[in-house]
Each structure stands twice: as C-alpha cells, then as structure tokens.
Amino acid sequence: MRARLSDIAQQAEVSEATVSRVLNDRPGVAPETRQAVLTALDVLGYERPARLRKRSAGLVGLVVPELDNPIFPAFAQIIESTLAQSGFTPVLCTQTPGGVTEDEYVEMLLDRQVSGIVFVSGLHADTAANHDRYRALIARPLPIVMINGYAPGIAAPFVSCDDGEATELAIAHLVALGHRRIGLITGPDRFVPVQRRVARFRTALTRLAGATEVEVGELAELSLFGVEGGEAAAGRLIERGVTGIVCGSDLMALGAIRAARQRGLAVPDDVSVVGYDDSPLMAFTDPPLTTMRQPVAAMAVAAVRALVDEINGHPAPHSEYLFRPELVVRGSTAVVRPADAAPDSGPGRQRPPTSSLAVPA
C-alpha cells in the first residue's frame, strides 16, 4: 500500500498524507486536490474505494438517427457529458437503415427503467409519423425532451435550431456577394425542419433577390439527406443556371461541390455553396465549407437541463426553444463572377446561362 500511495502522490503531485486523507474520505482536503487524487487513481488503474464511487442518479436514454453524419456524434458527446455531470448514466441508441427502430430502442430503454429519454432528430420531426408514441411515454409518466423537430400537442420541451433563420441568413450572404440565381437543396418535405427551410427560402429569395414565384418554385430541390442526395439535387439546379446553392446539411453541401466539379465548374469561382450544421472537419474540406453553424453545445446543455428538471419534479415549460444559427464564412462562397467573364480554358468550363433577376430597390 505504501508503494501505491507513493505512486498516487507522485501522479497527483501531493503528499502521501493527503492521498491517505482522500482515500479515507477525511475532511481538510481542498476540492481540487481531492479531484486530483481521484484522477490519479483512475489514470494509474487503481479502483476507487467504494465510499468514493459516485452513485448514478439513474439511466437516461439518448436516441439518435445515425452516426454517419458527424453532427449527431457532436450532439451525443455533449449530451452524454452533461448528463454525467448531473449524475446520470447515458445509454446511447443509434439507428441504422434496416436496424433497430426508434420504437424498439424505446422498449429496450423502458425495460432498463430509464429516468428519461432525449430524442435527437427523431420521429417527432416527421409529420407523417404517429406521435401518439410520445404521448404514451409522457402518460407513464416518463420525462422526454426532443431536439430538432417539433410536434404540436406533445407536453414536452423541444429544443431546435432556427432553420428558417438559417436559410435566410445564408441567402442574405449570397445576395451580398452578388448572387441572384440561388437554389435550395434540402431533405424530404415531411420533416418539420425541411418545411421551415422551404417556407423561408420562398419569402427570403423573393424579398432579397427579387425572384418571382415561378422562379422560386424552380429553385427549391428536395432530395435525400446525405452526399448522394445533395449531388443529385445540385446537378439539377446547376442545369437551371444557379450561381449559389444553400444546402440543408454539410453532407449535402459536399455532394453539391462534387456535382459542380463533375460539370467542370469550380467552387466558389463558378458556384458558391453554403452548408448547414458546421459539423466537425468542415473547416478542412476542399474548399473549406461556408456553413450555418448549429449551436450544438448550447442546445445540448439546454435539453439536458430541461430533462433533469423534469426528472426532479420541476417541469420545464412545454414549448419550443429556438436557438439562433451563426454564419461561418469560409472558402466555398465568393463574389459572383459575371457571365461574360467565365474562363474558356478546358472543356465544360462554360457557366450555364444565368437568369437576370431584378434587385429590389
């Protein structure tokens, strides 16, 4: 034990007497010193004494759609960390195509007697889904919190990024760079965030770029979320002569960049692309992606606090909390190039014909 005390004291940079006080849970040790000793125990692989082990306040389920999109691991990491700080043990449930469904995960979590569940971009965001599943959980009663998506009539807190505001900010950025023929790429229209993006796209493009109702209808493309969906939709928009593309996710934006390059166009010289999420590594793509940043940390912390309040018998307001996105300008957007200035070096570099939309006075 002397050797172990010596090792722990050296690792924590304290005296052996201090280590002994901490291990025996005696008073007279500063909180930061106590934490240093406990951390040294963990680093050296020693098991903490039973009296020093933090008891879990309970299990909390975390249901995310998949981990291929890096924005979901970003949410999961902060939610799990915040839950742990509150004494709860997170149980991560990840969905994959053809794998375990959200409802099946919920049944598994109920069998484990979880204290609550956090849903990230789940069926609550799907207007075609039956939301009675959530009402049944609330009736048990089981506290739940939803992130990104909204379903009326469910007595639970909702935490979302303002998708409409993000779309308008992206359009305003492109208009400021001289773009007038701007397209939108986003997912299936049954999802609430998609509906909000499309609605704001129509009003913002009309107001900021002077587009007509007919032109706006031609410039919104719905596709599958992901690189392949973005690539297919961007190809159609490029054929219609867009010079700027606003995307519903960073992965869709990467697909749009691929579609432009396959047609001999350069990003951002010929086509500017704006993503959505600012998921990890987007600053290191080629070119670095201009995107709308979701305030992931603030949203995740707010969701966990609301859930913990519900679990502790202090219900949070059952409404939607909207968080403002942030425009992050990088290298995938630039001032629009005049149609007659497009280079003619190399096959396929000619820019598709652009439409002349009047700029509102």
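In this text, all values refer to a predicted model and were calculated from it rather than measured experimentally. Residue numbers restart at each chain and count upward from 1, following the sequence in its written direction. In keeping with the model being predicted, local features are shown solely for residues with a pLDDT of at least 70 and side-chain atom pairs are shown and tallied solely at 80 or more, while totals for entire chains, interfaces and linings include all residues. Note: side-chain values were computed over all heavy atoms of the structure, leaving out hydrogens and water.

Attention shifts here to the pattern of salt bridges. We define a salt bridge as a side-chain nitrogen of Lys or Arg found within 4 Å of a carboxyl oxygen belonging to Asp or Glu. Taken as a whole and judged by the stated rule, the model has 20 salt bridges. For the salt bridge of Glu221 with Arg236, the shortest nitrogen-to-oxygen distance reads 2.8 Å. One end of the pair, Glu221, is in strand S7 (residues 220-222); the other, Arg236, is in helix H10 (residues 227-239), and 15 residues separate them in sequence. Here the salt bridges share partners, and the residues they tie into one network are Glu165, Glu168, Arg200, Arg207 and Arg324. What counts as a helix is a DSSP run of H or I of at least four residues, what counts as a strand is a run of E of at least two, and both are numbered from the N terminus.

Below, the discussion takes up the pairing of strand S4 (residues 144-147). Only protein chains enter the accessibility calculation, which uses a 1.4 Å probe; a residue is then buried when its area is under 20% of its type maximum, exposed when over 50%, and partly exposed in between. Residues Ile144 and Met146 of S4 are buried on one face, and the alternating residues Val145 and Ile147, pointing to the opposite face, are buried as well. Strand pairing is defined by DSSP finding a minimum of two bridges between the two strands. As judged from the four bridges shared by strand S3 (residues 116-120) and S4, these two strands associate in the parallel manner. What sits directly across from Ile117, in S4, is Ile144. By convention, orient the strands away from the viewer: a clockwise path from the first strand over the helix to the second makes the crossover right-handed. Running through helix H6 (residues 132-139), the crossover from S3 to the neighbouring parallel element S4 is right-handed. The sheet contact formed by S4 and strand S5 (residues 158-161) spans two bridges and is parallel.

Before going further, it helps to spend a moment on the sheet that holds S5. The strand order S2-S1-S3-S4-S5-S11 describes an open sheet built from six strands, whose pairing is parallel. Every interior strand has two partners, whereas the edge strands, strand S2 (88-94) and strand S11 (320-323), have only one. Averaged over all neighbouring strand pairs, the angle between strand axes comes to 20°, with direction disregarded. Across the sheet, helix H12 (residues 296-311) is in contact with strand S1 (58-64), S2, S3, S4, S5 and S11; its angle to S4 comes to roughly 165°. To obtain an axis, a line is fitted to C-alpha atoms, over the contacting stretch when the element is a helix, and the angle between two such axes runs from 0 to 180 degrees between their N-to-C directions. Pairs of residues are marked as contacts when any of their non-hydrogen atoms sit within 4.5 Å.

Spatial strand order, S7-S6-S8-S9-S10-S12: six strands in an open sheet with mixed pairing. In the strand order of this sheet, the two ends are held by S7 and strand S12 (326-328), each with one partner. Neighbour-to-neighbour, the strand axes of this sheet turn through a mean angle of 20°, independent of strand direction. Where H10 meets the sheet, it contacts strand S6 (182-186), S7 and strand S8 (244-247), and its direction lies at approximately 160° from that of S6.

With that settled, consider unusual backbone geometry. Following Val267, the chain continues to Pro268 via a peptide bond in cis, the omega torsion being 15°. With respect to the helices, strands and loops of the structure, Pro268 is situated in the loop between helix H11 (250-262) and strand S9 (272-277). A cis amide bond links Asp286 to the next residue, Pro287, at an omega of -5°. With respect to the helices and strands, the residue Pro287 is situated in the loop between S9 and strand S10 (290-293). Positioned with a positive phi, Asn148 is a non-glycine residue whose angle comes to about 60°. With respect to the helices and strands, Asn148 occurs in the loop between S4 and S5.

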